[in-house]
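The chain contents come next:
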There are 2 protein chains.
Amino acid sequence: MSLPVSFSRLVSLLGKFPGVGEKTARRMVFYMLEQDPGWARSLSQAVFDLREEVRTCAFCGNITTEEICGICADTMRDRTKICVIETQEDCVAMEQSGVYGGLYHVLGGRCSPLEDQEVPAESLERLKNRIAELGVREVILALSPRIEGDMTAYMIQDALGSQLPAVKLSRLSYGLPVGGSIGYADRATLHVALEARREMDSGLFGDRL
Amino acid sequence: MSLPVSFSRLVSLLGKFPGVGEKTARRMVFYMLEQDPGWARSLSQAVFDLREEVRTCAFCGNITTEEICGICADTMRDRTKICVIETQEDCVAMEQSGVYGGLYHVLGGRCSPLEDQEVPAESLERLKNRIAELGVREVILALSPRIEGDMTAYMIQDALGSQLPAVKLSRLSYGLPVGGSIGYADRATLHVALEARREMDSGLFGDRL
């Protein structure tokens, strides 16, 4: 069966999205075909508006419509804490959890020789400047829980160098995901969860930040 | 965290796609932000081209760029068989399997009171006409393997009525999916697989069409 060129082209464009395979992409295109013509226009417009409107915060690197993002501009947030994340997407997840009230710093990359990626030097430099200017007292690393995240953590520790005795450097704990089950946990997770076990009287989840 | 309006609008548009939830949609939008500006233009263009180019085959209802689709126009295909499917998407799956060499008929709906859906009467009428005009000898129902598909099958059996003694009406077999495992099969599937068991000498997969 030879599919129309425009059909296949769109499937291949959509199939490149993360988390979207060929079958999902194909289903998406069939969904598009069912919509009325105005729908395609509003999708095109939305994609266009996105590029026009969204920019990167000059301080933390998050998405914003202004020069400075809402979090950096919010005087109610705790300016003595910076949470270092790899991507802008991680910030949305952190904010949706509602558990953190400090500032962020988007690295925009991680240390991963296999993927030929590294942390942009400019971003590290900016982090150091922000720590000094804001008088930050704690840098919390919320990096991906795997080897690349660990390497990135060590690299940041290295980069902060002389700032460190005064500034506390911490990272999110490894352990069992809440709602998961022991039976399905992988060996590595069980290993770290056991190593990082906490005494019951310190509370299961630690203190709220 | 207040996300940019254009960001949220695009997430909500993409999140409506089948198989795409909010998290995947968000990831897709972040992916879009990483692409160079020309990419957004080519996506917009691809969506536009799709609507311009793709139409529905006047005979079988599949997608095509011409009045008649490649399958209906192909004189090498077996015109004595029509495979009835619910959606255009099902045709892509059937064709990719490479196991069927006849014609198709897209119903464009299924019998589902709960979803407030029914088979378009016009589509059934067209099916009856095609059976008569082409001199079809077998109608193969490839409907979704659940109660709605069963109801649709009975409805088609009913609609074909007097054509039936001469035209054979069959449907795809229920049973275990190839590559699956007995341990993970659900009760209903095991039940039908047991009921529809075949003697070994008739071959595991039946005859190729």
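This is a predicted model, so every value here is computed, not measured.

Examining the overall build of chain A
In terms of helices and strands, chain A carries 8 helices and 6 strands. Starting at the N terminus, the α and β elements of chain A follow one another as α-α-α-β-β-α-β-α-β-α-β-α-β-α. Its C-alpha radius of gyration of 21 Å places chain A more than 25% over the 17 Å reference for a compact globule of 209 residues. With respect to the three principal axes, the spread of C-alpha positions in chain A is 65 × 50 × 35 Å. Counting over 209 residues, chain A shows a buried share of 40%. The contacts of chain A with a sequence gap of at least 6 include a subset with a gap of at least 24, amounting to 49%. Measuring between centres, the 23 positive side-chain charges of chain A sit 3 Å from its 29 negative side-chain charges.

Side note on the nonpolar core
One finds Leu-10 of chain A together with Leu-10 of chain B to be the most contacted residues of the largest nonpolar core, which totals 44 residues. Discounting chain neighbours no more than four positions away, the residues touching Leu-10 of chain A are Val-29 and Met-32 of chain A together with Leu-43, Ala-46, Val-47 and Leu-50 of chain B.

Let's talk about helix α1 (residues 5-14) of chain B
Ser-6, Phe-7, Leu-10, Val-11, Leu-13 and Leu-14 of chain B are the residues of α1 of chain B that are buried. Taken end-on, α1 of chain B shows its buried residues confined to a sector of 160°, consistent with a single buried face.

Considerations on the environment of Ser-170 of chain A
Residues and elements named next belong to chain A. Looking at where Ser-170 falls in the secondary structure, it is placed in strand β6 (residues 168-171). C-alpha separation for the pair Ser-170 and Gln-157, spaced 13 residues apart in sequence, amounts to 9.8 Å. Contacts of Ser-170, omitting those with residues within four sequence positions, involve Glu-138, Val-139, Ile-140 and Leu-141.

Notes on the pattern of salt bridges
A side chain with one charge can pair with a side chain of the opposite charge if their charged atoms come near. The tally for this structure, following the rule as stated, stands at 20 salt bridges over all chains. Of the charged contacts in the structure, one is a salt bridge between Glu-89 of chain B and Arg-27 of chain A, with a shortest N-O distance of 2.8 Å. Residue Glu-89 of chain B is located in helix α5 (residues 88-97), and its partner Arg-27 of chain A is located in helix α2 (residues 22-34); the two belong to separate chains. Among the ionic pairs, Arg-171 of chain B bridges to Asp-150 of chain B, the shortest N-O distance being 2.9 Å. Separated by 21 residues along the polypeptide, Arg-171 of chain B in strand β6 (residues 168-171) and Asp-150 of chain B in helix α7 (residues 147-160) bring together distant segments of the chain. One connected set of salt bridges, linked through shared partners, spans Glu-86, Arg-110 and Glu-115 of chain A.

Observations concerning the sheet that holds strand β4 (residues 102-106) of chain A
All names here are of chain A. One open sheet accounts for 4 strands, arranged β4-β3-β5-β6; its pairing is parallel. Where the open sheet ends on each side, the last strands, each with one partner, are β4 and β6. For this sheet, the mean inter-axis angle between neighbouring strands, taken without regard to orientation, is 25°. Inspection of the sheet shows strand β5 (residues 138-142) paired to β6 by 4 bridges, in the parallel sense. Pairing of Glu-138 across the sheet is with Lys-168, part of β6. Packed on one face of the sheet, helix α6 (residues 121-134) meets β3 (78-85), β4 and β5 and runs near 160° to β4.

Points about the relation of the copies chain A and chain B
Relative to chain B, chain A is turned by 180° and slid 0.0 Å along the rotation axis, the superposed coordinates differing by an RMSD of 0.1 Å. The two molecules are tied by a two-fold rotation axis, judged by turn and shift. Closest approach to the rotation axis within chain A is made by the C-alpha atom of Ser-44 of chain A, at a distance of 2.4 Å. When the interface residues of chain A are mapped onto chain B, 100% of them are again interface residues, pointing to one common binding face.

Details of unusual backbone geometry
What is expected of a backbone is that most residues other than glycine have negative phi and most peptide bonds are trans. All names here are of chain A. Here the phi dihedral of Asp-116 falls at roughly 55°; this positive angle occurs in a residue that is not glycine. For Asp-116, the location among the structural elements is in the loop between β4 and α6. Assessed through its relative accessible area of 72%, Asp-116 is described here as exposed.

Quick look at a nonpolar patch on the surface
A grouping of Leu-176, Ile-182 and Leu-190 of chain A is seen on the molecular surface, where their side chains present a nonpolar patch of about 250 Å² in accessible area. Here Leu-190 of chain A is to be found in helix α8 (residues 187-195).

Digging into the pairing of β4 of chain A
Residues and elements named next belong to chain A. In terms of burial, β4 is a largely internal element, 5 of the 5 residues being buried. With 5 bridges connecting them, β3 and β4 associate as parallel partners. Each bridged residue has a counterpart across the sheet, and for Ile-82 the counterpart in β4 is Leu-103. For the crossover that starts at β3, traverses helix α5 (residues 88-97) and ends in the parallel β4, the hand is right-handed.

Some thoughts on the interface of chain A and chain B
If you look at the interface, chain A gives 52 residues, while chain B gives 52 residues. Buried surface at the junction of chain A and chain B, both sides included, amounts to about 5000 Å², of which 72% is carbon and sulfur. Scanning the region where chain A abuts chain B turns up 4 salt bridges. A salt bridge links Arg-9 of chain A to Asp-49 of chain B; the shortest N-O distance between them is 3.4 Å.

Calculation rules
Residues numbered from 1 in each chain as written. Chains lettered and ligands numbered in written order. Predicted model: local features only at pLDDT ≥ 70, side-chain atom pairs only at ≥ 80, totals over all residues. Heavy atoms only, no water. Helix = DSSP H or I, 4+ residues; strand = E, 2+ residues; numbered from the N terminus. Rg over C-alpha atoms; globule rule 2.2 N^0.38 Å. Buried < 20%, exposed > 50% of the residue type's maximum accessible area, 1.4 Å probe, protein only. Contact = heavy atoms within 4.5 Å. Lys, Arg positive; Asp, Glu negative; His and termini not counted. Charge placed at Lys NZ, Arg CZ, Asp CG, Glu CD. Core = buried A, V, L, I, M, F, W, Y, C linked by side-chain atoms within 4.5 Å. Arc of directions from axis to C-beta. Salt bridge = Lys/Arg side-chain N within 4 Å of Asp/Glu carboxyl O. Pairing = 2+ DSSP bridges. Axes fitted to C-alpha atoms, helices over the stretch in contact; angles between N-to-C directions. Least-squares fit on C-alpha atoms with pLDDT ≥ 70 in both. Patch = residues over 30% accessible without salt bridge, like charges linked within 9 Å, V, L, I, M, F, W, Y side chains within 5 Å. Areas by Shrake-Rupley, 256 points an atom, 1.4 Å probe, with all protein chains shown as cover. Right-handed = clockwise from strand over helix to strand, strands pointing away. Buried area = accessible area lost by both parts, 1.4 Å probe.

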